[in-house]
Amino acid sequence: MMPTKIYAGFVFRTGFSFFILLATLLFSVTTSAQTVRQTKGDFEDKFRQIDEMLPTPNDQRNAAGQPGHEYWQQEADYSIKVSLDEGNRSLSGSETITYKNNAPDPLKFLWLQLDQNIFRRDSRSEMSRTFGGLNPGSGADVSPKLSLNQLRRQQSMTDNDYGHNITRVVSSDGKPLPHTIVGTLMRIDLPRPLRSGDSVGFSIDWTYRIVEEDAVNARSGYEHFPDDEREGGNDIFVIAQWFPRMVAYSDYEGWHNKEFMGSGEFTLEFGDYAVEITVPDDHIVAATGVLKNAANILTGTQRQRLNDARNAAAPVMIVTPEEALANESSNPSGVKTWRFEAENVRDFSWASSRKFIWDAQGHHQPGAKHETVMAMSFWPKEGGDLWRKYSTAAVVHTMKVYSRFTFDYPYPTSQSVNGPVGGMEYPMITFNGPRTDLQDDGTRTYTMGEKMFLLGVVIHEVGHNYFPMTVNSDERQWTWMDEGFNSFLDSVAGYEWDPDIPWGGIARDLTGYMRSENQSPIMTQSDSVLRLGPNAYGKPSAAFHMLRDTILGRELFDFAFKEYAQRWQFKRPTPADFFRTMEEASGVDLDWFWRGWFYTTDHVDISLDRVFRLRLDTKDPDIDFNRDRQENADKPGKVGVRLNQEQGLDVWVEKHPDVRDFYDENDVYTVTNKERNAYDAFLKGLEDWERKAFERAVSEDKSYYVLEFSNAGGLVMPIILGLEFTDGTKERLTIPAEIWRRDAKTVRKLLIFDKGTELAQIIVDPDWETADADIENNYYPRRIIPSRIEAFKAKGNTSPASRDIMQDIKTERKDPDEKKDEEKN
């Protein structure tokens, strides 16, 4: 730390006040203009308000981030009958849609989504698919290679005609309706404009071939198990994006008729569903909504188990593992139709298989619309104890945590289904992938990584019932508005489940991505995002953790976040509505945060470059001259003098004392009355208040430190300091981000401590909570950088969580001497 002095200085008050007044007037005139232009200097305003980038508030969405007094949204109700052809792995369905126009303007045509058309060989998604997938490759100079997975996908796409086959589109009176298919969309031309407040009904018949999920890497499909007891094996079907659905029509975009390209998910309308699903009679079906004909579908024993589960303290088996295993070897004797109903949902999904084990447990939320929510899981024997222990328990845990941050779980069921999809979400039902491994001794084991995966994916996908299934954001446009919120809350729920499990989603996990060149701003449209995982999941999650734990504090953040969720429950918010609500409810200007984190690719790298230790110049020569003498004495001695002494060279004045004089007894720091008189005159010249302040400062003799920071990453953040003192004590100090408002590149901060307090070490962001990308420039004095020597070259996945300890622990210990004996022989 660099020692220096503080000199008592005094401002010419009248002139200074006039200057401030004049500058304020000039600034207010300049910034009142609509366009702010800077033509001189390199000042960058990181705190410029983002209202200039956001949509203008209106009667539908007001300036406070609330739904306005003229807010509206459309309604779409569905009555669907669908049949599963297990042998041909296809669906055929018929649906009637009742669409209500709540918009203020008439509609001449309607748009529907045909998401299965993404798997057509000539789809826009397929034709624009780049080699290597969604993410950029390793470089142009690398020879391309075709993996077996890619070959499998190409073969599946070549061998099958995927996509919706629309066989009939008619009005409520049975008359054909003109319709045009445009990629993953279909336009229906109405015989007359649909006026505001009116409804229209129409029916569609369709069929399609179900994709093999593992082959084409889809969000739904079938999975085949060739080794089951039944001849030909068995399938699990997880069915989503399966029926023609209404395209959303909103106040801010009109028809959201953007092609389904794969990454950007779904933008949908709320409505009521009545769905009849006909499957082989030995299948178990899980679906959005409530089963309405259990008496015709389930056995008396199963119905009793389901009733007992409502108040059970732990999950109850509805279909036991033994019953599911018996079903695996059966052959259907016919079909059964499962009838489900769901109110006020934005989508409908289902799963069907004879392999399913099924358990259930009631989750109670007194005073809610649905006071008992049935948490349920469906999985094959391959799920094993991993699913039995954790799936339904994780469903219940998720609802408890998420409801605390938002609102009561809004639906009567919440389900987790094991199938080929790693993780996908729909109203009241989720598809989750992890399983156990079958060992040679017939047992099933799983790694710590698989346990983390199951817990994490169940919490995450069930959490989607809040975002976006209830807070109905536009996934096709802004992935982060559901995945980011959900990743934040699933990490909160994860740490509340078991803090010793290394969950992600916090700032320290993002530093590598934040520094990379291969990234895009969070506010990038979903299909154009370069790296979807860190962009739409990790980075927003880290941002919300920082807002909650570092910038706003938990009380302010939790209040504002809950206000946003409750304002937009069963409505369609935009980013502007979220930004405005968080500021409105917290009372804190966060424009600098939204601008930096969501609209740029800047990263956090705050460097503590220099630290100056200051001491007040007392003006008293008897004090200050002694200090100066001591400072000079503390400097290192001259190298030449030291070497002369070591060499034994004589010093002239020591051999010839007659040459000594007055200055050999009085050094340059000797005080005379001339200096003392000047000091007395200085004190006499001070005004009373000036002398009082000065003498107090001298008597207190506090320790003054000036810290100099530079913003190497470009992203402004609060400066969090861990202060360690020479007496062993520690303090934490948070400097608000606003310290950067006038200079976003370099700032200095004065810290003042009591007399005798000395800093030994300063660490910026000591708990790694701001995603600071370079922690080595956070230390002052700089530390020796810790590292290690790799004594071997690691092979494969060496993560501790990847070890199957459940299986490895069975390994017998070998006698190390046996091999030596064999070598001797």
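Here the residue numbers are simple positions, counted from 1 along each chain's written sequence. A pLDDT threshold of at least 70 governs which residues receive local features in this predicted model, and a stricter bar of 80 or more applies before side-chain atom pairs are shown or counted, although totals over entire chains, interfaces and linings include all residues. As a rule here, side-chain values come from all non-hydrogen atoms in the structure, and water together with hydrogens is ignored.

Draft legend 1. Summary view of the overall build of the protein. Helix and strand definitions here come from DSSP, where helices need a minimum of 4 consecutive H or I residues and strands a minimum of 2 consecutive E residues; each element is numbered from the N-terminal end. Each helix and strand in the protein was counted, giving 23 helices and 33 strands. Relative to its length of 825 residues, the protein is extended, with a C-alpha radius of gyration of 35 Å against a globular reference of 28 Å. The principal-axis extent of the C-alpha atoms belonging to the protein is close to 125 × 95 × 60 Å. Method for areas: the Shrake-Rupley scheme with a 1.4 Å probe, in which residue coverage is limited to the protein chains shown. Working note: accessible area of the protein is about 41,600 Å², and carbon and sulfur atoms make up 50% of it. Positive charges come from Lys and Arg, negative ones from Asp and Glu, while His and the chain ends are left out of the count. Where a charge sits is defined by one atom per residue type, namely NZ (Lys), CZ (Arg), CG (Asp) or CD (Glu). Considering the protein, the positive charge centre built from 97 side chains and the negative charge centre built from 129 side chains are found 2 Å apart. Radius of gyration: C-alpha atoms only; globule rule: 2.2 Å multiplied by the number of residues to the exponent 0.38.

Draft legend 2. Quick look at the pattern of salt bridges. By convention in these notes, a salt bridge is any Lys or Arg side-chain nitrogen within 4 Å of a carboxyl oxygen on Asp or Glu. Considering all chains together, one arrives at 53 salt bridges under this definition. Through salt bridges with shared partners, one network takes in D228, E328, K355, K381 and E382.

Draft legend 3. Region of interest: the sheet that holds strand 16 (residues 290-291). Paired strands, as defined in this entry, are two strands with at least two bridges between them according to DSSP. Pairing is mixed across the open sheet formed by seven strands, whose spatial order is 5-8-3-2-14-18-16. Of all strands in the sheet, those with a lone pairing partner are strand 5 (165-171) and strand 16, marking the two edges. Across 11 bridges, strand 3 (residues 90-100) lies against strand 8 (residues 199-209) in antiparallel orientation. Bridged to T98 within strand 8 is G201.

Draft legend 4. Structural view of the environment of E95. Residue placement: E95 occurs in strand 3. Residues are treated as being in contact if the distance between any of their heavy atoms lies within 4.5 Å. For E95, the contacting residues outside a window of four places in its chain are Y78, S79, I80, F202, S203, I204, W206, F243 and P244. Separated by 2.9 Å, the side chains of E95 and W206 make a polar contact. In protein, a polar contact means a hydrogen-donor-capable atom and an acceptor-capable atom, both N or O and within 3.5 Å, with residues adjacent in sequence counting only if both atoms are side-chain atoms; elsewhere, any N or O pair within 3.5 Å suffices.

Draft legend 5. Just the packing of helix 9 (residues 448-463) against helix 10 (residues 480-497), in detail. Viewed as axis vectors pointing N to C, helix 9 and helix 10 meet at an angle of 130 degrees, and their least axial separation amounts to 9 Å. Judged by the inter-axis angle, helix 9 sits oblique to helix 10. Here the hand of the crossing between helix 9 and helix 10 comes out right-handed. Packed against helix 9, whose contacting residues are L455, I459, H460, E461 and G463, the element helix 10 presents E483, N486, S487, D490, A493, G494 and W497 at the interface. Taken together, the residues that form the contact of helix 9 with helix 10 break down as four nonpolar, five polar and three charged. Only C-alpha atoms enter the line fits that serve as axes; for helices the fit covers just the stretch in contact. Angles between N-to-C directions range over 0 to 180 degrees. The cut-offs work like this: below 35 degrees is roughly parallel, past 145 is roughly antiparallel, 65 to 115 is roughly perpendicular, and the gaps in between are oblique. Helix crossings get a hand from a simple test, with the near helix turned counterclockwise from the far one by less than a right angle marking a left-handed crossing and a clockwise turn marking a right-handed one. By the convention adopted, Pro, Cys, Tyr, Trp, Phe, Met, Ile, Leu, Val and Ala count as nonpolar, Lys, Arg, Asp and Glu as charged, and the other residues, Gly among them, as polar.

Draft legend 6. Focus on a nonpolar patch on the surface. Like-charged residues are merged into a patch within 9 Å and nonpolar side chains (Val, Leu, Ile, Met, Phe, Trp, Tyr) within 5 Å, provided each residue has over 30% relative accessible area and no salt bridge. The grouping of F131, L146, L148 and L151 at the surface amounts to a nonpolar patch, some 430 Å² of accessible area in total. Checked against the element boundaries, L151 lands in helix 3 (residues 148-159). Using a relative accessible area of 32% as the deciding quantity, one classes L151 as partly exposed. Burial classes: relative accessible area under 20% of the type maximum marks a residue as buried, over 50% as exposed, and values in between as partly exposed (1.4 Å probe, protein chains only).

Draft legend 7. Highlighting the packing of helix 12 (residues 532-551) against helix 13 (residues 554-567). Contact pair helix 12 / helix 13: the axes reach a minimum separation of 6 Å and the direction vectors enclose 130 degrees. On the basis of the axis angle, helix 12 is oblique to helix 13. Residues F544, L547, R548 and D549 of helix 12 touch helix 13, and the partners they reach there are R554, F557 and D558. In terms of residue class, the contact of helix 12 with helix 13 is made up of three nonpolar, no polar and four charged.

Draft legend 8. Focus on the side chain of Q761. Turning to its location among the elements, Q761 is positioned in strand 32 (residues 759-764). Side-chain polar atoms of Q761 contact the backbone oxygen of Y780, separated by 3.2 Å. The residues contacting Q761, other than those within four sequence positions of it, are G722, L723, E724, Y779, Y780 and P781.

Draft legend 9. Inspection of the confidence of the model for the protein at higher detail. Summarising the model, the protein shows a mean pLDDT of 90, and 92% of its residues fall at 70 or more. Predictor confidence is given residue by residue as pLDDT, running from a minimum of 0 to a maximum of 100. In this model residues 8-34 is a low-confidence stretch, pLDDT under 50, and it forms seven contacts with partners more than four residues away in sequence or in other chains.

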